[in-house]
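Results of the structural survey
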Amino acid sequence: MFYETKVIREIENSIMLQLKHFSSDLTGWKTKDETVDFPLKEITENKVTFEGMTFEKVSTNEMTIDVAIKNKNQTVDTVKFNYNN
């Protein structure tokens, strides 16, 4: 089990999604000031694409997040997370 905190903010006249991971005891995975950064690539009516992460509105009550994750073989897998209410 782990926790993940995401922040989207303006940095140097662009938009950046930054995240930090924490173990179940709230110990950070990286150093105190280190984040995983995803620069903004594109915004459309139903999709926001960052480098390595895409948020897409599927319907009024549903969205998906596609995340590019480097695996043990150093290749990249895309993992899809579905959210709805």
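As the structure is a computational prediction, the values presented were derived from the model and not from experiment.

1. Description of a nonpolar patch on the surface
Together, M63, I69, V79, F81 and Y83 give the surface a local cluster of nonpolar side chains, amounting to about 390 Å² of exposed area. Within the residue set of the nonpolar patch, elements represented by two or more residues are β6 (62-70) and β7 (76-84). Here the nonpolar patch gets three residues from one element, more than from any other, and that element is β7. Tracing the backbone shows I69 in strand β6.

2. Considerations on empty space enclosed by the protein
One pass over the structure, following the stated rule, counts one cavity of 30 Å³ or more. The volume enclosed by the largest cavity comes to roughly 30 Å³. Every residue lining the largest cavity is listed: L19, K20, H21, K30, E34, T35 and V36. Ranked by the residues each element gives to the lining of the largest cavity, the list is headed by strand β2 (residues 14-23), at three residues. Taken together, the residues of the lining of the largest cavity break down into two nonpolar, two polar and three charged.

The rules behind these values
- Residues numbered from 1 in each chain as written.
- Predicted model: local features only at pLDDT ≥ 70, side-chain atom pairs only at ≥ 80, totals over all residues.
- Heavy atoms only, no water.
- Patch = residues over 30% accessible without salt bridge, like charges linked within 9 Å, V, L, I, M, F, W, Y side chains within 5 Å.
- Areas by Shrake-Rupley, 256 points an atom, 1.4 Å probe, with all protein chains shown as cover.
- Salt bridge = Lys/Arg side-chain N within 4 Å of Asp/Glu carboxyl O.
- Helix = DSSP H or I, 4+ residues; strand = E, 2+ residues; numbered from the N terminus.
- 1 Å grid on protein atoms, 1.4 Å probe; cavity = no way out; pocket = protein on both sides within 12 Å on 5 of 7 lines; lining within 4 Å.
- Points joined across faces, edges and corners; volume = space filled by probe spheres on them.
- Nonpolar A, V, L, I, M, F, W, Y, C, P; charged D, E, K, R; others polar.

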